[in-house]
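In case you want the letters, here they are:
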Amino acid sequence: MKTAKHRSERGYTLLEYCAGAAIIAGILWTGLNALGGDLVDLLGSVGQWAQARSGGVVTN
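Rules used in this analysis
- Residues numbered from 1 in each chain as written.
- Predicted model: local features only at pLDDT ≥ 70, side-chain atom pairs only at ≥ 80, totals over all residues.
- Heavy atoms only, no water.
- Helix = DSSP H or I, 4+ residues; strand = E, 2+ residues; numbered from the N terminus.
- Buried < 20%, exposed > 50% of the residue type's maximum accessible area, 1.4 Å probe, protein only.
- Areas by Shrake-Rupley, 256 points an atom, 1.4 Å probe, with all protein chains shown as cover.
- Patch = residues over 30% accessible without salt bridge, like charges linked within 9 Å, V, L, I, M, F, W, Y side chains within 5 Å.
- Salt bridge = Lys/Arg side-chain N within 4 Å of Asp/Glu carboxyl O.
- Expected span 1.5 Å × (residues − 1).

On to the overall build of the chain. Within the chain one finds 1 helix and 0 strands. Per-residue burial over the chain gives 0% buried out of 60 residues. Total accessible area on the chain stands at roughly 6,100 Å², and carbon and sulfur atoms take up 64% of it.

Take a nonpolar patch on the surface next. A cluster of nonpolar side chains, contributed by Leu-32, Leu-35, Leu-39, Leu-42, Leu-43 and Val-46, occupies part of the molecular surface with about 550 Å² of accessible area. Position of Leu-35 among the secondary structure elements: in helix α1 (residues 14-53).

Quick look at α1 now. The terminal C-alpha atoms of α1 lie 47 Å apart, and with 40 residues this falls more than 12% below the ideal 58 Å at 1.5 Å per residue. Of all 40 residues in α1, 0 are buried, a share of ten percent or less.

This is the structure:
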């Protein structure tokens, strides 16, 4: 009588990848909501700075 051999499973399953992605998405969502207003102001300031500096750029 043969007994069933247990294979050693390596790697992650799709469920584990999805769970990890959901956790990361939740952390990002929470962080962006907490910093939302400040982030908009920061990106607006960076955009204005870049636009002011691009006035001397000559393109052909």
